[in-house]
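# Coordinates in review
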Amino acid sequence: MTTTEPLDLVFAQLAGATAGHLDAISELTDREKTFLRVTADVCQSTLGGVFAAHVRTGLAAGVSTADVRELLRFVSYDTGYHAAAEGLERLAGLEAELGIPRPAAEPLPEELLSAGPSPLPEAVRARLAELDPQFAGYFDLQSRMRSGHGPGTLSERERGLASLSVDIHYQTLADTFRTHVGRALRGGAAPEDVRAALRFNAQFGVTRAWHAWEALNAFLAES
């Protein structure tokens, strides 16, 4: 939070020291740090001045509002569409305030929006279908709509780091957390990079990060 006069001097000292400690994490890029901040804002419904500050910090580091829009589209799968829609509404307001034209976006191909082959791993698809076939179909749709990796989309590493961060905020630290850590690793992240994401996420709730550390260490020990 950046204001000329802090709301609370001691809190400003706490926040400043925390930010300095975490911004020194070298394994994450400025772009990834922006994505983790914005993901936390959506998950925790902190879409006021904090969200604006995080977007502005990203802009200063070369992250465009088109990049942030792509992130919000992607995490809506796990955060829920209502939460991501609030983030998009706030982002549109910031674009208007800063005089940034709303980025153009290519519509998704029609075949991604209707019934089609599942991009899910067969074992995952079978488990979902066992729970409920219609629920499995919903997962198919969500995964299919996010299956593109063309120009302007998030990298597999970025997707994995954002997704595992959602798990930290919501404390879904079993199968989905393992799947998302695996996505980050497949995307080129080293185990130390994933650990760095957990360190960075501690600022959004240290007890949540503590539980995530236990889940991550157990997963890496088995891998």
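This report concerns the structure included in the present document.

Definitions and cut-offs
Residues numbered from 1 in each chain as written. Predicted model: local features only at pLDDT ≥ 70, side-chain atom pairs only at ≥ 80, totals over all residues. Heavy atoms only, no water. Helix = DSSP H or I, 4+ residues; strand = E, 2+ residues; numbered from the N terminus. Contact = heavy atoms within 4.5 Å. Core = buried A, V, L, I, M, F, W, Y, C linked by side-chain atoms within 4.5 Å. Buried < 20%, exposed > 50% of the residue type's maximum accessible area, 1.4 Å probe, protein only.

### Quick look at the environment of Leu120
- With respect to the helices and strands, the residue Leu120 is situated in the loop between helix H5 (81-98) and helix H6 (122-131).
- C-alpha separation for the pair Leu120 and Asp140, spaced 20 residues apart in sequence, amounts to 6.8 Å.
- Setting aside chain neighbours within four positions, we find Leu120 in contact with Arg125, Leu128, Phe139, Asp140 and Ser143.

### Section: the nonpolar core
- The biggest cluster of nonpolar side chains holds 24 residues, and the ones touching the most others in it are Leu164 and Phe177.
- The set of elements that each furnish at least two residues to this core consists of helix H2 (30-43), helix H8 (156-170), helix H9 (175-186), helix H10 (191-201) and helix H11 (206-222).
- Aside from chain neighbours lying at most four places away, what touches Phe177 is Leu164, Asp167, Ile168, Thr172, Leu198, Ala212, Ala215 and Leu216.
- Of all hydrophobic cores here, the second largest spans 18 residues; its members include Phe51, Val55, Leu71 and Leu91.

### Quick look at the environment of Gly160
- Secondary-structure assignment places Gly160 in helix H8.
- A relative accessible area of 0% means that Gly160 is categorised as buried.
- Between the alpha carbons of Gly160 and Gly187 there is a distance of 7.5 Å; along the sequence they are 27 residues apart.
- Those residues in contact with Gly160 that lie beyond four places of it in its chain are His180, Arg183 and Ala184.

As far as function goes, none of this settles anything; it's purely spatial.
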